[in-house]
Amino acid sequence: MDSPTTEPLLMQPVGAFDFSSDIIIGLAEDGTIRAWNAAAADSLGYSPEDIIGQPVTEVLPELDAASLRACLERGIANGTGGCDMVAHHCNGVPTSLTLSISPASTQGDGSDGFWIVAKDMSRKLRMRNIQQPLIDCARLVGEPFLEKAVEVLAGALRVRWVTIAEIDPDNPVTARTVRIWADGSLQPSTDYALRGTPCEDVAQNRICFVRSDAIAQYPDDHMLVEMGVESYLGVPLHSSTGKLIGLLSVMHDAPIDEHIQPALILELFAGRSAAELERLKSSSSVERLGRIVEDAVSEAFLFDADTLNFILVNRGARDNLGYSMEELRSLTPIDIKPMIDADTFRALIAPLLAGEQQMLTFETVHRRKDGTDYNVAVRLQLLVDQQQRLFYAAIEDITERDRTMRELQSVTNRLNTVLGNTSMAVFLMDDQQQCVYLNDAAERLTGYRFAEIEGRILHDVIHHTRPSGQPFPLAECAIDRALPEVNQVQGEEVFVHKDGSFYPVSYSASPIQDGSGIAIGTVLEVKNITAELEARMARENFNAELKAQVEKALAERDAAEAQLRHAQKMEAVGKLTGGVAHDFNNLLQIIGGSLELLGRDVAGNERARQRLDLALSGVARGTRLAQQLLAFSRKQPLAPKPVNLPRLVGNLEDMLRRALGEHIGLKTTAETGLWDCFVDDGQLENAILNLAINARDAMPGGGLFTIEMANAAVDDLFACKYPDMQAGDYVMVSVTDTGSGMLPDVRDRIFEPFFTTKEVGKGTGLGLSMVYGLIKQSGGHVTVYSEPGIGTTFRIYLPRSTTPDTAALERRSDTISGGSETILVVEDDDDVRTTVTALLGELGYTTLTARDAAAGLAIVESGTALDMLFSDVVMPGPVQSHELAKRAVQLIPQLAVLFTSGYAEKGIVHGGTLEAGVRLLSKPYTREMLARKVREALDARATA
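Our subject in this report is the structure included herewith. Remember, predicted model here, so these are calculated numbers, not experimental data.

Attention now moves to the nonpolar core. Counting 38 residues, the largest nonpolar core has Leu-645, Leu-656, Ile-688, Phe-705 and Leu-798 as its most contacted members. For this core, the elements supplying multiple residues, two or more each, are α20 (645–660), β24 (664–670), β25 (677–679), α21 (681–698), β26 (703–714), β27 (728–737), α24 (767–777) and β29 (791–799). Per-element tally for this core: the top contributor is α21, with 7 residues. For Leu-656, the residues in contact, after removing those within four places along its chain, are Leu-666, Ile-688, Leu-689, Ala-692 and Ile-707. With 28 residues, the next largest nonpolar core counts Phe-145, Leu-237, Ile-265 and Leu-277 among its residues.

Encoded structure:
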């Protein structure tokens, strides 16, 4: 029933925070850095530990508080929030960022901080500037490549020195620089002793990367000392046979920027540098390639790029084609390719000539001299040196391979038919546990297509993490042991789906062996066992669940029975107290009326007057006691109407403060847009005063009394807990004290009549009973929460009124007047009838009496002139009081009708509420109350 609260947005990294390629920075409202992702650390150099807690101006000097707000407002206005700004890297290098700023809170005002999302434009521009010269350089061949390579690498890696050196593979103690770039220009070559230098480590066939203090690590390298080298990176160069023939290295007088991956760039250049270094040792490309071509096992062709005439064709190709070298010199590749004409071939090689591709691969058909054909796979490359442009073609006869592939495809098709129609997920892995096959069932199981995981270690794709979130190393995986142990393993595990969810499986992993019995891979069969585990768990938990359900049902039944017994007890007590109150009211009416009549007889006798007042005071106390009994028994006649609770409570504040005393504070709150409720406002005032008095007694040392008013939409779930409550709209009044509180056994009985924890003579035990009866009779509900030492809260739910409170204050004259009209008094109690007649006589009225409704009806029907019918509600005999009133009004249209009763009864009261237009004077009443009600009823005839 209480409104949910909304927690403020916390500035914490979200799911993909550290996996984003964008820089993400979280700021507090004052510009302090609160969050810093991996991309920010990578681009700007600061670790989260170094930067979090610092002002954002440390890295974005322009982004002060005013600029931050301006960027945010500009972003909200134009819908983007993008702006360019220069950031400071931790090493002092400026970095250009394009960033957007958004508020972290839903209010959009930055009260909970800001998010900055930025892209590093410096890195993108830097990489573009690095990549293009590298691409241009890669198109060169021979010495132009080597000269350009050192220049390009110096610019790309932003270093002062770049060297390409050659080494004698048989005596690797000295290096000779082939090309050296220093401070913006090529320098003369020189010899270089390797001992005690980082180049000696490179000569051991490994990459050497000295990030800083190079001189301190290699103090014997005099060249490093003279040059003032701070950092060094070198990679070995290998010949086509794998021998070490040189090294490629870069040096700088400051740390080399690792963000541009210098080691990777050097390795990419190492292969071409080694090839061109090896090329320099040969006299010409034709002679060099001639030897390679002639001795190659596969067919090899060398032909002019312009004329397309064959220059060299190796022995294997000549033997397969059946042509001599003299015959082939007059031919071109087009002459031996019956499936490709001249235009098609020219278009085919055009990308190589334009430098758009480095190598061209395709399959076609070659025709022998005798007219027979065979299938070939072609790898074609353009070679350029200072002499001429040549095409080198490596040809593989694939006729036998194609035949084998067709046979293999036939077998594969049959195997795929089997594997594609099984519900078991099947995976094949090679000897490195890399995935080489998975069937349709495996794709459905994992969520991956085969193309997504082909060649990847299967464990790292679907079995890399435990359900706890901890990494699952391959070395600890039982499936992986099937291959090295050459043994089948079975079990149950938990796999990871492509969407990140976990699912249980049973598996069987078996090694795949070749003809010699060597394990060359693993076949893995997997089945999802989610349903099986659920069934297993259901069987295991069945008895426990059944027991829990039985215990729950028994507990619910016991609670329902206890609630029913309590309701029956309260109903029985209510009937008893209602009957007692009815009779008690008649007695009080007789005593009170007689005492008031006696007052005139003792006029002038002060002592008798004092005793008479004491007796009347006792009658008043008895009257209040009877009213409380009637309220609990829900027999008091209510006159509900639309009530504005804040108005009612506001009118009560002075009385509440007096009742609570100076040592107890009073606080009232009302929800905005509070509905009006439908209740008898006078009775509700009494109920709130009763609760205030109880709260005062519970806070003898002082405290706080709080009244809260709010709308409450009660749903079926809440209403079903209370049999006497219906779902719908209510107005809730919450009354809370900070007093001593109640134990559960006391709390469960507080609404019972005559139950009290106060000392004898300190209370009747009917105050809360009256509250309970009023709320129930009004169609509402009341709950109690109390905790010893903390306090007590009563929540009263009153039905909502759909019509507004008019708040019209009735003006009532203080003058008590009688009259001369004729009144028919119908009362079955002789003593009450006598007393009432005497009181009316004193007021000047003429009275006629009847002891039941039938007798009264006879007087009405006799034609006697009557001005008013004053009748008790509860009447003996066949005629009821409401029937008498109805017939009397029909016969005498201007007849005034006033009922009296000790408690609510059917006929004029329904559901505890008076019928519209009915006037009622509740017993016991005083001479003043009687005079006022009679006069009001008689005077109302004139306005009717």
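Before going further, it helps to spend a moment on the pattern of salt bridges. Inspection of every chain in the model, using the stated rule, returns 31 salt bridges. A salt bridge links Arg-401 to Glu-363, with the shortest nitrogen-to-oxygen separation between them at 2.9 Å. Taken together, the residues span a long stretch of sequence, with Arg-401 in helix α14 (residues 399–420) and Glu-363 in strand β15 (residues 359–367) at a distance of 38 residues. For Glu-363, a relative accessible area of 52% translates into the label exposed. Arg-932 serves as the salt-bridge partner of Glu-928, at 3.0 Å between the closest nitrogen and oxygen.

The next thing to look at is the packing of aromatic side chains. Across all of its chains, the model carries 8 aromatic pairs by this definition. Ring centres of Phe-303 and Phe-310 lie 6.1 Å apart, and the angle between their planes is 85°; this geometry places the pair in the edge-to-face category. Side by side, Phe-303 and Phe-310 carry an identical accessibility label, which is buried. Where Phe-495 meets Tyr-503, the ring centres are 6.3 Å apart and the plane angle is 80°; that geometry is what we call edge-to-face. Overall, the relative accessible area of 1% leaves Phe-495 in the buried class. Residue Tyr-503 is classed as buried on the basis of its relative accessible area, which comes to 6%.

Read across the sheet, 5 strands follow the order β19-β18-β22-β21-β20 without closing on themselves; strand pairing throughout is antiparallel. A strand with exactly one partner marks an edge of an open sheet, and here the two such strands are β19 (435–438) and β20 (489–496). This sheet shows a mean twist of 30° between the axes of neighbouring strands, independent of strand direction. Both strand β18 (residues 425–430) and β19 contribute to a ladder of 3 bridges, which runs antiparallel. The residue of β19 that forms the bridge with Met-429 is Cys-435.

Where helix α26 (residues 853–861) meets helix α27 (residues 881–891), the closest approach of the two axes is 9 Å, and the angle between their N-to-C directions is 5°. By the angle between their axes, α26 is roughly parallel relative to α27. Here Ala-853, Gly-856, Leu-857, Val-860 and Glu-861 of α26 come into contact with α27, specifically with Ser-881, Leu-884, Arg-887, Ala-888 and Leu-891. Per-class residue counts for the contact of α26 with α27 are 6 nonpolar, 2 polar and 2 charged.

Below, the discussion takes up the sheet that holds β26. Backbone-to-backbone hydrogen bonds join strands into a sheet, with any given pair of strands oriented parallel or antiparallel. The strand order across the open sheet built from 5 strands is β24-β26-β27-β29-β28, with neighbouring strands paired in mixed fashion. Single-partner strands in this sheet number two, and they are β24 and β28 (781–787). Neighbour-to-neighbour, the strand axes of this sheet turn through a mean angle of 15°, independent of strand direction. The pairing of β28 with β29 spans 7 bridges and is antiparallel. Following the sheet pairing, Val-784 is matched in β29 by Phe-794. Most of the contacts of α20 go to β24, to which it runs at about 175°, and overall it touches β24, β26 and β27. Set on the sheet, α21 makes contact with β24, β26, β27 and β29; between it and β26 the angle comes to about 135°.

The rules we used
Residues numbered from 1 in each chain as written. Predicted model: local features only at pLDDT ≥ 70, side-chain atom pairs only at ≥ 80, totals over all residues. Heavy atoms only, no water. Core = buried A, V, L, I, M, F, W, Y, C linked by side-chain atoms within 4.5 Å. Buried < 20%, exposed > 50% of the residue type's maximum accessible area, 1.4 Å probe, protein only. Helix = DSSP H or I, 4+ residues; strand = E, 2+ residues; numbered from the N terminus. Contact = heavy atoms within 4.5 Å. Salt bridge = Lys/Arg side-chain N within 4 Å of Asp/Glu carboxyl O. Phe/Tyr/Trp six-rings, centres within 6.5 Å; stacked < 30°, edge-to-face > 60°. Pairing = 2+ DSSP bridges. Axes fitted to C-alpha atoms, helices over the stretch in contact; angles between N-to-C directions. Parallel < 35°, antiparallel > 145°, perpendicular 65-115°, else oblique. Nonpolar A, V, L, I, M, F, W, Y, C, P; charged D, E, K, R; others polar.

Geometric values such as these leave the question of function open.
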